[in-house]
Amino acid sequence: MAWTDDQPMVSIKDVHKSFGALEVLKGVSMDVMKGEVVCIIGPSGSGKSTLIRCVNALNDIQKGSILVEGQEVNDPDLDKLELRKKVGMVFQQYNLFPHKTALENIMMAPLLVLKDDKVEVEKLARQLIKKVRLEGKENNYPGELSGGQQQRVAIARSLAMNPDVMLFDEVTAALDPETVNEVLTAIKELAQDGMTCMLVTHEMAFAREVADHIYFTDRGVIVEHGSPDTFFDNATDPRTIEFLGQIL
Amino acid sequence: MTMKQSEKNILPVMMPPRARPADKFRLKAWHGVVLAFIAVVASIPAFAAADPTRASMFEVLARWVPLLLKGFVFNVIISMSAMAFGTMAGAALGLGQISLNPWVRKSAWFTTQFFRNAPWLVLLFFAMFLLPFEIKIGGMTIPLPDWLKAMFGLSLPVMANVSEIVRGGIASLPSGQWEAAESLAFSRTQVLWRIILPQCVKRMLPPWMNLYSILTMATVLASIVGVSEVMTLTGQALAAEGGRSDLLIPFYSFVLLLFFIYCYPIARWTVRLEKKFAVIN
């Protein structure tokens, strides 16, 4: 059965995940349609990062199903490399390759994995640098860039693989307050371009602005979900209300 | 609660580490001269007791210096080849230690631990007595001289130590580097060779140089198994001079000095590299 884009791009069903005896996901389900932006929020330790790390098979799951464009991720014969070509990921700690310049960081994966032509890749990389507003930093090493700049290089690095879905794992959590916005702006523009995004975030105002759908997780389950307005103004679950009360 | 805001801000853990006092004492060339002088003065009692009709100990030493230097060059050759061989084998073994295949991983771990916890001299004896004096491949006979066997024996502990340096270097990188590269659909081999190892090499260099220094000093063990390196030659020279006791100190001091001149710069360089790389990351 071929996947068509009227079906969910990412379909998560009853996912269970344990680290040893600790069960961090206890039956989580959600669908993400093409072009949708989904924000996952919740207290720390609620399993939200684990959930999106399962989508590109950085973590395996014990039970349930994750379909990415119709392809089952919970499958021992899964070609992880093929999956990861479609799914980009940005991390809290940027994780740029410190021995490569900004431009080289962006060019590496298309060159080595997709084996694209070097001239084309460099052109693409320069376009992406421009897109995340880092012109002039092409030849800087990550150590010479601020956190916000590094994170934007990391976003560009993921985009260079031309993914269908982007995963953002608390990408502003390690940043100085004044550089948070430059990263959020980059993500917002990406969302406006129609990129399918799954974000784990603590930036509530941002979530409200860009998300099509918000999920609130607590202790491994989805407690509440809905459109941003319903979620922030008319939350019904007591845990959600308590969390929002603390954070807003 | 009673603390003022300003006092809270200077928790000891938040303060920058106190600068260590500068390393004031560093060996310079003139320190070597002083050491040599002390060695000479220390040997004066033996010198005074000597028969004036015999050649002075410096004349004797000068006569043997070319041979001893040749012996020392041999030590250096053994150390370099053992290092090269041990590094290649050790790098393979170190990569084996992080293999995804549990059998490869476990056997690499066992081999590493076995040779790392074995006395170098015992390994040397094993190599000397277990290896044949020649090997026949097809119609060809390849002789295995003693120094080659010694080189092989010494490269075994080097291999095990390099294996640990490689494994430790790889483990010292944050896991985020693996995850980022894997998320970009890099294969495991690509992650290792393109992302992880290029970053590790810098970190592995100081312990690797340290190991080389230790290996160089251990090459004199080969004298016990009869390889004609500097210690063996020194013993033979002393015997040729009729076992004069006043010659012992100058001859062995000379050997010490040779090793010191060779190894001390390596040690200084290692310290410099360690300091340089300590700041990064």
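For the structure itself, look to the data block above.
Quantities reported herein were computed from a predicted structural model and do not represent experimental measurements.

**Q** I'd like a description of the sheet that holds strand β6 (residues 87-90) of chain A, backed by residues and values.
**A** Strand pairing within a sheet occurs via backbone hydrogen bonds; the two strands may be parallel or antiparallel. Residue and element names in this part refer to chain A. Pairing in this open sheet of 6 strands is mixed, and the strands run β6-β7-β8-β3-β9-β10 from one edge to the other. At either end of the open sheet lies a strand with only one pairing partner, and these are β6 and β10 (221-226). With direction set aside, neighbouring strand axes in the sheet form an average angle of 20°. One ladder, built from 4 bridges, connects strand β3 (residues 37-41) with strand β8 (residues 196-200); its direction is parallel. Within the sheet, the bridge partner assigned to Cys39 lies in β8 and is Leu199. The strands touched by helix α1 (residues 48-55) within the sheet are β3, β6, β7 (165-169), β8 and β9 (213-218), with β7 carrying the most contacts at an inclination of about 150°. Of the strands in this sheet, β9 and β10 touch helix α9 (residues 238-247), which is tilted by about 100° from β9.

**Q** So what's going on with a positive patch on the surface? Residues and values would help.
**A** All names here are of chain B. Positive charge collects at one region of the surface, where Arg26, Lys28, Lys202, Arg272, Lys275 and Lys276 lie side by side. Looking at which element gives the most residues to the positive patch, the answer is helix α11 (residues 248-279), with 3 residues. Inspection of the secondary structure puts Lys28 in the loop between α1 (5-8) and α2 (29-42).

**Q** Lay out the interface of chain B and chain A in plain terms, naming residues and giving numbers.
**A** Each partner contributes residues to the interface: chain B has 17 residues there, and chain A has 22 residues. For the pair chain B and chain A, the two sides together bury roughly 1,700 Å², of which 65% comes from carbon and sulfur. Across the contact surface, chain B and chain A share 1 salt bridge. The salt bridge involving Glu179(B) is made with Arg53(A); its shortest N-O contact spans 2.7 Å. Linking chain B with chain A are 6 residue pairs in polar contact (both at pLDDT 80 or more), by the criterion used here. Ranked by the residues each element gives to the side of chain B that touches chain A, the list is headed by helix α8 (residues 175-183) of chain B, at 7 residues. Here the side of chain B that touches chain A is composed, by residue class, of 7 nonpolar, 7 polar and 3 charged.

**Q** Summarise the packing of helix α4 (residues 57-97) of chain B against helix α7 (residues 146-171) of chain B; cite the residues concerned and give the values.
**A** Residue and element names in this part refer to chain B. Close contact between α4 and α7 brings their axes to 5 Å; oriented N to C, the two are set at 40°. The pairing of α4 with α7 is recorded here as oblique in orientation. At the point where α4 passes α7, the crossing takes the right-handed sense. Tallied by class, the residues present in the contact of α4 with α7 amount to 18 nonpolar, 8 polar and 2 charged.

**Q** Quick one: what's the story with the pattern of salt bridges, residue by residue and with numbers?
**A** Scanning the model with the defined rule gives 18 salt bridges over all chains in all. For Glu134(B), the salt bridge goes to Lys136(B), with nearest N and O atoms at 3.5 Å. Because the salt bridges share partners, they merge into one network encompassing Arg208(A), Asp229(A) and Asp233(A).

**Q** Lay out the nonpolar core with the relevant residues and their values.
**A** Formed by 93 residues in total, the largest nonpolar core has its most connected members in Ile12(A), Ile40(A), Met198(A), Ile170(B), Phe186(B), Ile196(B) and Phe251(B). If you tally residues by element for this core, the top one is helix α9 (residues 188-218) of chain B, at 12 residues. Counting 50 residues, the second largest nonpolar core, distinct from the first, contains Leu134(A), Ala154(A), Val183(A) and Ala211(A).

**Q** So what's going on with the sheet that holds strand β1 (residues 10-19) of chain A? Which residues, and what values?
**A** Residue and element names in this part refer to chain A. As summarised here, the arrangement of the 4 strands in space is β2-β1-β4-β5, forming an open sheet in which the pairing is antiparallel. Here the strands that pair on one side only, and so sit at the sheet edges, are β2 (22-32) and β5 (71-72). Here α1 sits on the sheet in contact with β1, β2 and β4 (63-68), set at roughly 60° to β2.

**Q** If you had to explain the pairing of strand β2 (residues 140-143) of chain B to someone new, which residues and values would you point to?
**A** Residue and element names in this part refer to chain B. Taken together, the 4 bridges between strand β1 (residues 134-137) and β2 define a ladder with antiparallel strand orientation. Within β2, the position partnered with Glu134 by the bridge is Pro143. The hairpin turn running from β1 into β2, its antiparallel successor, is 2 residues long, and Gly138 in that turn takes a positive phi close to 65°.

**Q** Mind laying out helix α5 (residues 102-116) of chain B, listing which residues take part and the relevant values?
**A** All names here are of chain B. Helix length check: α5 (15 residues) gives 21 Å between terminal C-alpha atoms against 21 Å at 1.5 Å per residue, within 8%. Every buried residue of α5 is listed here: Ala108, Thr112 and Phe115. The buried side chains of α5 occupy one side of the element, clustering within an arc of 80° when seen end-on. Facing away from the buried side of α5 by over 90 degrees, the exposed positions are Trp103, Lys106 and Phe110. In this structure, the buried residues of α5 make contact with α4, α6 (120-130) and α7. The N-terminus of α5 is capped by Asn101, whose side-chain oxygen sits 2.8 Å from the backbone nitrogen of Trp103.

**Q** Residue-level account of α9(B), with values.
**A** Across its 31 residues, α9(B) extends only 38 Å between first and last C-alpha, which sits more than 12% below the 45 Å expected from 1.5 Å per residue. Maximal helix bending in α9(B) amounts to about 45°, located at Leu197(B); proline Pro198(B) follows within four positions.

**Q** Give me the environment of Ala191(A): which residues, what numbers.
**A** Within the secondary structure layout, Ala191(A) lies in helix α6 (residues 177-192). It is 6.7 Å that separates the C-alpha atoms of Ala191(A) and Val37(A), two residues lying 154 residues apart in sequence.

Rules used throughout
Residues numbered from 1 in each chain as written. Chains lettered and ligands numbered in written order. Predicted model: local features only at pLDDT ≥ 70, side-chain atom pairs only at ≥ 80, totals over all residues. Heavy atoms only, no water. Pairing = 2+ DSSP bridges. Helix = DSSP H or I, 4+ residues; strand = E, 2+ residues; numbered from the N terminus. Axes fitted to C-alpha atoms, helices over the stretch in contact; angles between N-to-C directions. Contact = heavy atoms within 4.5 Å. Patch = residues over 30% accessible without salt bridge, like charges linked within 9 Å, V, L, I, M, F, W, Y side chains within 5 Å. Areas by Shrake-Rupley, 256 points an atom, 1.4 Å probe, with all protein chains shown as cover. Salt bridge = Lys/Arg side-chain N within 4 Å of Asp/Glu carboxyl O. Lys, Arg positive; Asp, Glu negative; His and termini not counted. Charge placed at Lys NZ, Arg CZ, Asp CG, Glu CD. Buried area = accessible area lost by both parts, 1.4 Å probe. Polar contact = N/O pair within 3.5 Å; in protein donor to acceptor, adjacent residues only side chain to side chain. Nonpolar A, V, L, I, M, F, W, Y, C, P; charged D, E, K, R; others polar. Parallel < 35°, antiparallel > 145°, perpendicular 65-115°, else oblique. Left-handed = near helix turned anticlockwise from the far one by under 90°. Core = buried A, V, L, I, M, F, W, Y, C linked by side-chain atoms within 4.5 Å. Buried < 20%, exposed > 50% of the residue type's maximum accessible area, 1.4 Å probe, protein only. Expected span 1.5 Å × (residues − 1). Arc of directions from axis to C-beta. Bend = angle between axes of the 7 residues up to and from the residue.

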